[in-house]
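# A closer look at the structure
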Amino acid sequence: MDRIQEKWIASFIRTFEACRVQPGELVAILAETDSRPILVELAELALLRMQAKPFRVVVPTPPVDAPVPIRSTGHSVAIQEHPAVIAALKACTFVVDITVEGLLHATERGPILSGGTRVLMVSNERPEVLERLATDTALKQKVQKGVAMAKGAEKMRVTSAAGTNLTVDMVGASIGGGWGFADEPGLMAHWPGGLCAFYGREGAVNGVVVMDTGDINLTFKRYLESPIRLTIERDFIVDIDGKGLDAALMRSYFEAWNDRNAYAVAHLGWGMNTAARWDALTMFDRNDINGTEQRAFAGNFLFSTGSNRFANRYTLGHFDLPLRNCTVALDGRTIVEAGRLCAELS
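Anyway, here's the lowdown on the structure attached to this text. Every value quoted in this text rests on a predicted model; they were computed, and no experiment measured them. (Residues numbered from 1 in each chain as written. Predicted model: local features only at pLDDT ≥ 70, side-chain atom pairs only at ≥ 80, totals over all residues. Heavy atoms only, no water.)

## With respect to the sheet that holds strand S2 (residues 53-59)
The strand order S2-S1-S3-S4-S8 describes an open sheet built from five strands, whose pairing is parallel. Looking at the sheet topology across the chains shown, the edges are occupied by S2 and strand S8 (188-191). Averaged over all adjacent pairs, the angle separating strand axes in this sheet is 20 degrees, with direction ignored. As paired strands, strand S3 (residues 94-97) and strand S4 (residues 118-122) are joined by four bridges and run parallel to one another. (Pairing = 2+ DSSP bridges. Helix = DSSP H or I, 4+ residues; strand = E, 2+ residues; numbered from the N terminus. Axes fitted to C-alpha atoms, helices over the stretch in contact; angles between N-to-C directions.)

Structure follows, in structure tokens:
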């Protein structure tokens, strides 16, 4: 078990300062019984040193009711739409979210943010990961620039030497980004941060995605050892082609949900954090990390499947799949070339 260390408290203080936490500010620390205890302790100690007024809201982790393990969804079900919990969080100007999966895609997100509450989702990582990826305030401007590029585009095309050839209709997409700190009213951010992401409207995504050796299946926290070819028609994966174990595992997980929406495209985007490492996953046991770093490493194309509330699709099945060496273009303008951010964004 990790011990409290001064350097980790300092990392939390640095991030909370970026979130504009003030002396005397009422701050809720949201956790569940399965939360990583050291993260709760570090958050509380940092807030107390900043002379804020923290209190804990701890809810029971709900019973498992899915046919397969759920990992890395960003869709915590811990609150269970409990009105008293939502009221307590809304009563604060700042919430530190330390639930296992996080509130990023949770159904309670809207009501909690509606009154201007800022929420920082602390990823379920060993503190060492959070320390190494300490908040970089310069990321905000870069991410905002990437978001502006996406909002101004009508079409995105993603290609790779491995065979990816994906087109996305950007008209009507819901586009956003995360820079690792919640510094504005009504904003939810996740730490580590550094991502431009969006949800397409219904029927917007078509083509082929080829996951190559070394790409990552973050639901399994596993580097691919053999390629997988996914064919997408009007948002839905209609074919999973691959002869190795990686493809077999993916097919098995999809099939277990018995839910067509599990095969649908969720959010898409690209990583912006130059401090995040593609290869860091090799250094940790699966229970040590959530893998947010691998979603954010600069130049990755993040392809995901599962829920898309903007297309009125809901499911608990979810894959986050960061791909290396892709080229991403918006209306013919290259913003990521063979896995490297363009100079304007890097």
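## Describing the nonpolar core
Ranked by internal contacts, the top residues of the largest apolar core, which has 83 residues, are Phe 12, Phe 16, Met 156, Trp 270, Phe 301 and Phe 303. The element contributing the most residues to this core is helix H2 (residues 37-49), with seven residues. The next biggest cluster of nonpolar side chains, apart from the first, holds 19 residues, and it includes Val 59, Val 85, Val 95 and Leu 103. (Core = buried A, V, L, I, M, F, W, Y, C linked by side-chain atoms within 4.5 Å. Buried < 20%, exposed > 50% of the residue type's maximum accessible area, 1.4 Å probe, protein only.)

## Things to note about the packing of helix H1 (residues 6-18) against H2
When two helices pack together, their arrangement is given by the angle between the helix axes and by the axis-to-axis distance. Taken N-terminus to C-terminus, the directions of H1 and H2 make an angle of 65 degrees; their axes are 9 Å apart at the nearest point. For the pair H1 and H2, the crossing hand works out as right-handed. On H2, the residues touching Glu 6, Trp 8, Ile 9, Phe 12, Ile 13 and Phe 16 of H1 are Ile 38, Leu 39, Leu 42, Ala 43, Leu 45, Ala 46, Leu 47 and Arg 49. When the residues that make up the contact of H1 with H2 are grouped by side-chain class, the tally is 12 nonpolar, no polar and two charged. (Left-handed = near helix turned anticlockwise from the far one by under 90°. Contact = heavy atoms within 4.5 Å. Nonpolar A, V, L, I, M, F, W, Y, C, P; charged D, E, K, R; others polar.)

## Digging into H1
Over its 13 residues, H1 runs 19 Å from end to end, which matches the ideal 18 Å to within 8%, given 1.5 Å per residue. Taken together, the buried positions of H1 are Trp 8, Ile 9, Ser 11, Phe 12, Ile 13, Thr 15, Phe 16 and Ala 18. Structurally, H1 contributes buried residues whose contacts are with H2, S3, S4, helix H5 (127-132) and S8. Arg 20 sits one or two positions beyond H1 and adopts a positive phi of about 65 degrees. (Expected span 1.5 Å × (residues − 1).)

## Things to note about the side chain of Thr 15
Summarising the element assignment, Thr 15 is placed in helix H1. On the basis of relative accessible area, Thr 15 is assigned to the buried category, the value being 0%. In contact with Thr 15, not counting residues within four places along its chain, are Leu 120, Thr 135, Gly 180, Phe 181 and Trp 191.

## Thoughts on the layout of surface pockets
Size it by volume and the largest pocket reaches roughly 960 Å³. Of the residues in the lining of the largest pocket, the class split is 14 nonpolar, 11 polar and eight charged. Size it by volume and the second largest pocket reaches roughly 700 Å³. Lining the second largest pocket we find 36 residues, and of these Leu 104, His 105, Arg 109, His 190 and Ala 197 sit closest to its centre. Of all the secondary structure elements, the ones that give two or more residues to the lining of the second largest pocket are helix H6 (139-151), strand S7 (174-178), S8, strand S9 (195-199) and helix H8 (292-296). Per-element accounting of the lining of the second largest pocket gives the leading share, five residues, to S7. By residue class, the composition of the lining of the second largest pocket is 15 nonpolar, 15 polar and six charged. (1 Å grid on protein atoms, 1.4 Å probe; cavity = no way out; pocket = protein on both sides within 12 Å on 5 of 7 lines; lining within 4 Å. Points joined across faces, edges and corners; volume = space filled by probe spheres on them.)

## Focus on the sheet that holds strand S15 (residues 265-271)
Strand pairing in a sheet takes place through backbone hydrogen bonds and is either antiparallel or parallel in direction. If you trace the five strands from one edge of the open sheet to the other, you get S7-S9-S15-S16-S17, paired in antiparallel fashion. Strands at the two margins of the open sheet, each flanked by one partner only, are S7 and strand S17 (319-323). With strand direction ignored, the average angle separating the axes of adjacent strands in the sheet is 20 degrees. In this structure, strand S16 (residues 301-305) lies alongside S17, joined through five bridges in antiparallel fashion. Across the sheet, the residue bridging to Phe 301 is Leu 323, located in S17.

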